[in-house]
Amino acid sequence: MAEHGAIFAAMLREFNVAARIIDLEPGVWNILTHPKRQIMVSCPVQMDNGEIEVFTGYRVQYNITLGPAKGGIRYHPDVSLDEVTALAAWMTWKCAVAHIPFGGAKGGIVCDPTKMSRRELEALTRRYVAEIIDLIGPEKDVPAPDVNTNDQVMAWVMDTYSMHVGHTATAVVTGKPIEMGGSLGRREATGRGVMIVTREAAKHLGLNIEGATIAIQGFGNVGSVSADQLSKIGAKIVAVTDWKGGVHNPKGLDIAKMLDYVRDHETVDGFPGGDPLTNEQLFSLDVDILIPAALENQITMENAPGIRARIVTEAANGPTTPDAHRHLHERGIFVIPDILANSGGVTTSYFEWVQDRYGYFWEEHDVNVRLEKKMCEAFDAVLKTSLKYKVDLRTGAYIVAIQRVATVTKMRGMYA
Ligand code: GLU
């Protein structure tokens, strides 16, 4: 097996705990801990200053046992093969927990999109898609937005792929603009799912979500919509931090005003409705619920002992290190794991893919009702499994996922 780094190792540690509990057959264990395909591409782009820069991109299809590979594409300076492989594995378990017929994939380009023009981003996106064109397709591998990518980037992906195959192929990508085959409710879906599982967890623990205090790290698509959705059901968002700064108001922040502010300033930093706050201060606030909605490895043994929340909802992928997770669990903190907590996005991506292939589009209400049902079913399956095996929710979620993928792996049997 190729060398793996720390993020994939963290995924493996989580996987192995669950696999051991269910006594997974060694052969299946071996298959499920290896990525199916990893591709690395070089994408030359002529920059606005006339110079040519070469960007490194990756696409990893971790496992496609349950269906086409599915997962976002992220643009970030810290993207690495290790990170993309771990994220592709997490997509595999996430799709299985969500009970949707997809395998897991992830893509990434090492770049700093904040320093690139729109034209440069379009050129980079199109070149990356051209480089991975043989791998993707509605029945093969279906990308979506992730960190620093959005519906416009997906429109370029769809157009580039369509130009190559000679016809318009809407179902090659999800998270597209509504006008070109996107689904109503998709943009809000990850945050809406975060709200649903947080609400269900509060119900399970006997905590009244109305008036419950919440701190959120990250105010991108996921963090901002989670804040909006949770405040709409009566929770009190008291603190938000992002890449630049943060703001705290024990009486509750006005999320509608904050959304307007961020539209103009691209950060919550300096928002007039509260006092300045750092990331480190956010983690140790005396709140009921903490929601990391940014990047990996944010909750570590450095800050976990200071966490005072009763519920941690992992809206980001991989925000808690395995050691920190064990520490939180031992202290009785209810951690809703990423592969359950943020699965609303990919679940609605599935709805979008279905609508594209069907050629018939649903009302927003229908999308939201279906998402509600899927998220509650996933939450119940994970909770029941964790109670049955007397394990934390993350291990419960892995058990659900591994059992679903392992069953089909065995049914399909070995080729050759
Ligand atoms: N990037 C999102 C995630 O990490 C969505 C993936 C998708 O919709 O395919 O779950």
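A. Highlighting the layout of surface pockets. The computed volume of the second largest pocket comes to approximately 390 Å³. Together, 13 residues line the second largest pocket, and Ile-31, Lys-36, Ile-64, Thr-65 and Arg-412 are the ones closest to its centre. When residues of the lining of the second largest pocket are traced back to their parent elements, those giving at least two are β2 (52-63) and α14 (393-412). For the lining of the second largest pocket, the class distribution of residues is 6 nonpolar, 5 polar and 2 charged.

B. Local environment of helix α6 (residues 186-205). Taking 1.5 Å of rise per residue, the 20 residues of α6 would be expected to cover 28 Å, and the 29 Å separating its terminal C-alpha atoms lies within 8% of that figure. The sharpest bend along α6 reaches about 25° and sits at Arg-192. Two residues or fewer past α6, Gly-206 is found with a positive phi of approximately 75°.

C. The arrangement of unusual backbone geometry in detail. One non-glycine residue, Asn-297, lies in the positive phi region at around 55°. Assignment of secondary structure puts Asn-297 in the loop between β10 (289-292) and β11 (311-313). Residue class for Asn-297 comes out partly exposed when judged on its relative accessible area of 38%. A positive phi is found at Lys-390, a non-glycine position, where the angle reads about 55°. Note that Lys-390 resides in the loop between α13 (364-388) and α14.

D. A look at the packing of aromatic side chains. Enumeration over the complete set of coordinates arrives at 11 aromatic pairs. Judged by centre distance (5.8 Å) and plane angle (90°), the ring pair of Phe-102 and Tyr-350 falls under edge-to-face. Of this pair, Phe-102 sits in the loop between α3 (81-98) and β4 (103-110) while Tyr-350 sits in helix α12 (residues 344-358), and the two are 248 residues apart along the sequence. We classify Phe-102 as buried; its relative accessible area is 0%. What links up through ring pairs into an aromatic cluster is the set Phe-8, Phe-15, Tyr-62, Trp-93 and Tyr-398. In this structure, Arg-370 is placed above the aromatic ring of Trp-362, and the distance from its NZ or CZ to the ring centre is 4.0 Å.

E. Region of the structure containing the sheet that holds strand β8 (residues 246-248). Across the sheet, which stays open at both edges, the 7 strands sit in the order β9-β8-β7-β6-β10-β11-β12 with mixed pairing between neighbours. On the outer flanks of this sheet lie β9 (275-276) and β12 (334-336), each paired with one strand and no other. The pairing of β10 with β11 spans 2 bridges and is classified as parallel. Residue Leu-290 lies in a different strand from β11, and its bridge partner there is Val-312.

F. Region of interest: the side chain of Thr-313. Examined against the element boundaries, Thr-313 turns out to sit in strand β11. Under the relative-accessibility criterion, Thr-313 is labelled buried at 0%. Once residues within four sequence positions are removed from consideration, Thr-313 is found in contact with Val-194, Val-197, Thr-198, Ile-289, Leu-290, Ile-291, Pro-292, Ile-336 and Ala-341.

G. Spatial organisation of the pattern of salt bridges. A complete count under the given rule lists 27 salt bridges for this structure. Between Glu-122 and Arg-126 there is a salt bridge whose closest N-O contact spans 2.9 Å. In this pair, Glu-122 and Arg-126 are both assigned in helix α4 (residues 118-131), 4 residues apart and thus about one turn of the helix distant. Using a relative accessible area of 26% as the deciding quantity, one classes Arg-126 as partly exposed.

H. Just helix α1 (residues 6-21), in detail. Helix length check: α1, at 16 residues, gives a terminal C-alpha distance of 23 Å against a target of 22 Å (1.5 Å per residue), a fit within 8%. When we look at burial in α1, the residues that qualify are Ile-7, Phe-8, Ala-10, Met-11, Leu-12, Glu-14, Phe-15, Asn-16, Ala-18 and Ala-19. Packing partners of the buried residues in α1 comprise α2 (26-32), β2, α3, α10 (322-330) and α14. Phi for Asp-23, located one or two positions after α1, is positive at around 55°.

I. Looking closely at the site of the ligand. Near the ligand there are 14 residues, and of these Lys-70, Lys-94, Pro-145, Asp-146 and Ser-349 occur at the shortest range. One of the side-chain nitrogen or oxygen atoms of Lys-106 is found 3.0 Å away from an oxygen atom of the ligand. A distance of 2.5 Å is found between an oxygen atom of the ligand and a side-chain nitrogen or oxygen belonging to Ser-349. Within the complex, the protein chains bury 94% of what would otherwise be the 300 Å² of accessible surface of the ligand. Counting residues per element, the ones that place at least two in the shell around the ligand are β3 (69-76), α3, β5 (141-145) and α12. Counted by class, the shell around the ligand contains 4 nonpolar, 5 polar and 5 charged residues.

J. Molecular detail of empty space enclosed by the protein. For the structure shown, the criterion picks out 1 cavity of 30 Å³ or more. In this structure, the largest cavity spans a volume of roughly 50 Å³. In this structure, the largest cavity is lined by Ile-7, Ala-10, Glu-14, Trp-90, Glu-296, Asn-297, Gly-318, Thr-320, Thr-321 and Pro-322. For the lining of the largest cavity, the per-class residue count stands at 4 nonpolar, 4 polar and 2 charged.

Rules behind the numbers
Residues numbered from 1 in each chain as written. Predicted model: local features only at pLDDT ≥ 70, side-chain atom pairs only at ≥ 80, totals over all residues. Heavy atoms only, no water. 1 Å grid on protein atoms, 1.4 Å probe; cavity = no way out; pocket = protein on both sides within 12 Å on 5 of 7 lines; lining within 4 Å. Points joined across faces, edges and corners; volume = space filled by probe spheres on them. Helix = DSSP H or I, 4+ residues; strand = E, 2+ residues; numbered from the N terminus. Nonpolar A, V, L, I, M, F, W, Y, C, P; charged D, E, K, R; others polar. Expected span 1.5 Å × (residues − 1). Bend = angle between axes of the 7 residues up to and from the residue. Buried < 20%, exposed > 50% of the residue type's maximum accessible area, 1.4 Å probe, protein only. Phe/Tyr/Trp six-rings, centres within 6.5 Å; stacked < 30°, edge-to-face > 60°. Lys NZ or Arg CZ within 6 Å of the ring centre and 35° of its normal. Pairing = 2+ DSSP bridges. Contact = heavy atoms within 4.5 Å. Salt bridge = Lys/Arg side-chain N within 4 Å of Asp/Glu carboxyl O. Near = heavy atom within 4 Å. Polar contact = N/O pair within 3.5 Å; in protein donor to acceptor, adjacent residues only side chain to side chain. Areas by Shrake-Rupley, 256 points an atom, 1.4 Å probe, with all protein chains shown as cover.

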